[in-house]
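Analysis of the macromolecular model
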Amino acid sequence: MLDYESDHYCPAYKRVIDIDLCYESLMGLSKSVKISSVKELSEIKDIEEARRVCAECPYSDLGAGMDDWEIDPDLL
Ligand code: SF4
């Protein structure tokens, strides 16, 4: 399972980034915030390619692992 808390290799930046930059970049690349609001995204020459790579990156699946949760029936 992926560790969402640790620095990891980003296929969009092609380098290791921390989790904060991953999250901010994901927001920019998924058009949730403006690209220009994440200054590091200016490092990336081909933003359209980065959008595609980011959409396919396992770290972009923020709900990953949720299916594994067991829900306490008393809470339903
Ligand atoms: S989700 Fe996007 S920003 Fe985060 S590591 Fe993957 S490609 Fe990079």
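In what follows, the structure referred to is the one given above.
Just so you know, these numbers come straight off a predicted model, no measurement behind them.

**Overview of the overall build of the protein**
Helix and strand counts for the protein come out as two helices and two strands. Expressed as a percentage of its 76 residues, the buried residues of the protein come to 14%. The contacts in the protein between residues at least 6 apart in sequence include a share of 36% that link residues at least 24 apart.

**Observations concerning helix α1 (residues 19-29)**
Listed in full, the buried residues belonging to α1 are C22, S25, L26, G28 and L29. What you see down the axis of α1 is that its buried residues fit within an arc of 160°, all on one side. Buried residues along α1 sit against β1 (8-10), β2 (15-17) and α2 (47-56). Residue K31 follows α1 closely and has a positive phi angle near 70°.

**Some thoughts on the site of the ligand**
Close to the ligand lie C10, P11, A12, C22, S25, L26, L29, V53, C54, C57, Y59 and S60, which account for all nearby residues. Of all the secondary structure elements, the ones that give two or more residues to the shell around the ligand are α1 and α2. Here the element with the most residues in the shell around the ligand is α1; it accounts for four residues. A class-by-class count of the residues in the shell around the ligand yields ten nonpolar, two polar and no charged.

**Thoughts on the nonpolar core**
Proteins that are soluble and globular tend to have nonpolar side chains buried together. With nine residues, the main nonpolar core is built from C10, A12, C22, L26, L29, I44, A50, C54 and Y59. A total of three residues in this core trace back to one element, the largest contributor, which is α1. Sequence-distant contacts of I44, that is, excluding residues within four places in its chain, are made with A12, Y13 and A50.

**Points about the environment of Y23**
With respect to the helices and strands, the residue Y23 is situated in helix α1. When the C-alpha atoms of Y23 and S60 are compared, they prove to be 8.2 Å apart, with 37 residues separating the residues in sequence.

**Some thoughts on the environment of A12**
Structurally, A12 can be placed in the loop between β1 and β2. On the neighbour-count criterion, A12 (26 C-beta atoms within 10 Å) is buried. Taking C-alpha positions, A12 is 8.9 Å from R52, a pair spaced 40 residues apart along the chain. Leaving out residues up to four positions away in the same chain, A12 has contacts with S25, L29, I44, A50, V53 and C54.

Cut-off values and rules
Residues numbered from 1 in each chain as written. Predicted model: local features only at pLDDT ≥ 70, side-chain atom pairs only at ≥ 80, totals over all residues. Helix = DSSP H or I, 4+ residues; strand = E, 2+ residues; numbered from the N terminus. Buried ≥ 20, exposed ≤ 12 C-beta atoms within 10 Å, placed from the backbone. Contact = placed C-beta atoms within 7 Å. Arc of directions from axis to C-beta. Near = placed C-beta within 6 Å. Nonpolar A, V, L, I, M, F, W, Y, C, P; charged D, E, K, R; others polar. Core = buried A, V, L, I, M, F, W, Y, C linked by C-beta atoms within 7 Å.

Geometry only, nothing functional implied.
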